[in-house]
Amino acid sequence: MSDRSNEIIFHQYDISPFSEKVRVVFGLKDLAWNACIQPVIMPKPELIPLTGGYRKIPVMQIGADVYCDSQVILDELEARFPTPSMYAGGDKGLSNAIAYWQDRPVFTLVCAVLGAGQPVVKRTDPFTKDREALFEREFDPVEQHAAIPNAFDQLRAHFAWVDAQLADGRKFLFGDAPGHADASCFYNLAFLRWVNGALIDKLGAVPHLRAWEDRVKAIGHGRRSEITPAEALDIAKAATSTTSERRDPEEPNGFAPGDAVTVNAEDYGRDKVAGTLVASSATRIAIRRSDPRVGDVVLHFPRAGFVVQRA
Ligand SMILES: N[C@@H](CCC(=O)N[C@@H](CS)C(=O)NCC(=O)O)C(=O)O
């Protein structure tokens with residue numbers, strides 16, 4: 001087998017909004033990447049051996065390093081492929097804050113309006129059951145339906161801010177070059193369009209937003225190839241992680257390399273992933289774990305929005 005340990009393998013599915021955020025960044029950096037299609041619902045037998053239980057999409061793999069959550073994926077892409085930067089205006093801090101805003105309250109509102117115009121019925125199909133498990137609650141169709149009007153009001157306010165940012169005629173959110181913030185604000189709109197383009201009309205005229213959306217769309221997705229999950233797992237097994245040990249002297253809870261810890265998302269899909277701490281910082285944590293199918297792998301998670309505990 002040729003050495004493919006430096007290639008980007010992107011575990012995703014095409015209608016995944018958070019994957020769209022990353023695909024736009026592949027586009028703006030003109031990166032070559034391998035799309036590895038994963039199931040939309042559990043079980044995910046060819047993802048879980050790699051992630052140790054983290055089930056969300058997207059996941060990026062480079063050799064035996066595995067990046068869980070779009071926040072850490074974009075951070076790693078910028079570190080490995082700095083040119084062109086996704087922070088052309090130097091706005092790394094603010095861009096990450098904008099992404100967090102889009103990923104949490106705005107994405108939640110987008111999900112809330114998806115049922116607009118749909119019949120108010122209790123769904124028991126496998127997709128709904130899976131998402132109830134993901135969010136650890138039973139969906140109440142009457143309650144969901146009642147929440148839609150205000151969710152539209154809220155979404156309109158949030159996207160009016162994006163429109164206002166573009167009102168001086170700039171091409172992208174931080175100037176003439178597209179970046180992290182553009183990818184983050186774009187994917188929620190793309191998701192609304194995929195599901196039902198009429199939902200976007202509820203955001204009003206937002207003329208600057210519309211033209212900007214077309215510009216972000218034109219960036220494309222970089223250079224995509226396909227790879228099977230089995231090939232991806234074989235590449236992980238053959239590779240060795242390139243992550244070095246790093247102790248954070250300012251770690252508030254005293255976590256250090258060698259500690260047995262668990263890491264989990266704090267919002268939904270909260271499955272705990274257990275491993276041995278390799279490196280940590282204010283914004284990222286890496287843990288090593290082993291699985292018979294993939295051997296030793298190092299998993300990378302963001303700190304913002306994740307819980308780290310002693311195992
Ligand atoms: N905070 C995560 C959110 C990821 C997320 O919610 N992904 C959705 C798909 S876009 C998901 O995993 N849904 C459940 C599933 O695919 O099993 C990130 O930024 O990557």
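Rules behind the numbers
- For every chain, the first residue of the written sequence is number 1, and numbering continues from 1 onward in sequence order.
- Two thresholds apply to this predicted model, a pLDDT of at least 70 for residue-level local features and 80 or more for giving and counting side-chain atom pairs, whereas whole-chain, interface and lining totals are computed over all residues.
- Only hydrogens and water are set aside; all other atoms, that is, all heavy atoms of the structure, feed into the side-chain values.
- Under the scheme used here, helices are H or I runs from DSSP no shorter than 4 residues and strands are E runs no shorter than 2 residues, and both carry numbers assigned from the N terminus.
- Using C-alpha atoms as the atom set, the radius of gyration is obtained and then compared with a globule rule of 2.2 Å times the number of residues to the power 0.38.
- A simple rule labels every residue: compare its accessible area, found with a 1.4 Å probe on the protein chains alone, to the largest value its type can have, and call it buried under 20%, exposed over 50%, or partly exposed in between.
- For a helix, the expected span equals 1.5 Å multiplied by the number of residues minus one.
- To obtain the bend at a residue, axes are fitted to the seven residues ending there and to the seven starting there, and the angle between these axes is taken.
- By definition here, a salt bridge exists when the distance from a side-chain nitrogen of Lys or Arg to a carboxyl oxygen of Asp or Glu is within 4 Å.
- Note on definitions. A residue lies near a molecule or strand when any single heavy atom of the residue is within 4 Å of it.
- Each polar contact in these results corresponds to two N or O atoms within 3.5 Å; when the atoms are within protein, one needs to be able to donate a hydrogen and the other to accept it, and residues that are neighboring in sequence are counted only if both atoms are side-chain atoms.
- Here the accessible surface of atoms and residues is derived via Shrake-Rupley with a 1.4 Å probe, and residues count as covered only by protein chains that are part of the display.
- We place a 1 Å grid over just the protein atoms. Points where a 1.4 Å probe fits but has no way out form a cavity, open points with protein on both sides within 12 Å along at least 5 of 7 lines form a pocket, and any residue with an atom within 4 Å of a point lines it.
- Grid points are joined across faces, edges and corners, and a volume is the space filled by probe spheres set on the points.
- Only Asp, Glu, Lys and Arg are considered charged, only Ala, Val, Leu, Ile, Met, Phe, Trp, Tyr, Cys and Pro nonpolar, and every remaining residue, Gly among them, polar.
- Remark: nonpolar core denotes a set of buried residues (Ala, Val, Leu, Ile, Met, Phe, Trp, Tyr, Cys) joined through side-chain atoms within 4.5 Å.

Peer 1: What is the right way to read the overall build of the protein from this model?
Peer 2: Counting its secondary structure elements, the protein contains ten helices and ten strands. For 311 residues, the compact-globule formula gives about 19 Å, and the C-alpha radius of gyration of the protein, at 20 Å, lands near that figure. Dimensions of the protein, computed from C-alpha atoms along their principal axes, come out at roughly 50 × 45 × 45 Å. For the protein, the residues scored as buried account for 51% of the 311 residues in total.

Peer 1: I'm lost on helix α7 (residues 180–196) in this one. Help?
Peer 2: Side chains that are three or four residues apart share a direction in an α-helix, a result of its 3.6 residues per turn. Its 17 residues give α7 an end-to-end C-alpha distance of 25 Å, which sits within 8% of 24 Å, the value for a rise of 1.5 Å per residue. For α7, the principal kink sits at Phe186 and spans about 25°. Most of α7 sits inside the fold, with 13 of its 17 residues counted as buried.

Peer 1: Would you mind going over the environment of Leu28 with me for this structure?
Peer 2: By the element assignment, Leu28 lies in helix α1 (residues 17–28). Residues Leu28 and Pro84 lie 56 residues apart in sequence; the distance between their C-alpha atoms is 7.6 Å.

Peer 1: Even after reading the chapter, I still don't get the pattern of salt bridges, so can you show me in this structure?
Peer 2: Once their charged atoms are close, side chains differing in charge can pair, the charge on each being opposite to the other. In the structure shown here, the tally under the stated rule is 26 salt bridges. The shortest N-O distance in the salt bridge between Asp14 and Arg224 comes to 3.0 Å. Note that Asp14 is positioned in the loop between β1 (9–12) and α1 and Arg224 in strand β5 (residues 223–226), a separation of 210 residues in sequence. Among the residues examined, Asp14 registers a relative accessible area of 40% and is labelled partly exposed. For Arg224, a relative accessible area of 33% puts it in the partly exposed group. Through salt bridges with shared partners, a single network forms among Asp75, Glu76, Arg80, Lys92 and Arg284.

Peer 1: How should the site of the ligand be read in this particular structure?
Peer 2: Around the ligand, the structure places 15 residues, and the nearest of them are Tyr13, Lys44, Arg55, Ser70 and Tyr268. Here Arg55 contributes a side-chain N or O atom positioned 2.5 Å from an oxygen atom of the ligand. Tyr268 is positioned such that a nitrogen or oxygen atom in its side chain is 2.6 Å from an oxygen atom of the ligand. A total of 510 Å² of accessible area belongs to the ligand in isolation, and the protein chains cover 95% of it.

Peer 1: Hey, could you run me through helix α3 (residues 70–80) in this one?
Peer 2: Burial analysis of α3 places eight of its eleven residues in the buried class, the great majority of the element. Along α3, the residues classified as buried are Ser70, Val72, Ile73, Leu74, Asp75, Glu76, Leu77 and Glu78. Among the residues of α3, the N-terminal cap falls to Asp69, whose side-chain oxygen and the backbone nitrogen of Gln71 are separated by 2.8 Å.

Peer 1: What am I meant to see in the environment of Arg288 here?
Peer 2: Inspection of the secondary structure puts Arg288 in strand β8 (residues 284–291). Since its relative accessible area comes to 33%, Arg288 is described here as partly exposed.

Peer 1: Even after reading the chapter, I still don't get empty space enclosed by the protein, so can you show me in this structure?
Peer 2: Summary: where empty space remains is shown by rolling a probe the size of a single water molecule over the atoms. The full count for this structure, using the stated rule, is one cavity of 30 Å³ or more. The volume enclosed by the largest cavity comes to roughly 30 Å³. Surrounding the largest cavity, Lys21, Ser70, Gln71, Leu74, Asn96, Ala99, Asp103 and His180 form its lining. Residue assignment for the lining of the largest cavity shows that the elements contributing at least two residues are α3 and α4 (92–113). Its residues placed into classes, the lining of the largest cavity shows two nonpolar, four polar and two charged.

Peer 1: So what exactly am I meant to see when it comes to the nonpolar core here?
Peer 2: In summary, soluble globular proteins display a tendency toward joint burial of nonpolar side chains. Counting 55 residues, the largest nonpolar core has Leu77, Leu155 and Trp212 as its most contacted members. At nine residues, the largest contribution of residues to this core is made by α7. In this structure, Ile57, Val263, Val273 and Phe306 belong to the second largest nonpolar core, which totals 26 residues.

Peer 1: Even after reading the chapter, I still don't get unusual backbone geometry, so can you show me in this structure?
Peer 2: The bulk of non-glycine residues show a negative phi, and the bulk of peptide bonds are trans. Following Met42, the chain continues into Pro43 via a peptide bond in cis, with omega recorded as 5°. Following the sequence through the fold, Pro43 ends up in the loop between β2 (32–37) and α2 (48–51). Look at the link from Ile57 to Pro58: it is a cis peptide, with omega at 10°. Along the chain, Pro58 falls in the loop between α2 and β3 (59–62). The backbone of Asp30 shows a phi angle near 50°, a positive value even though the residue is not glycine.

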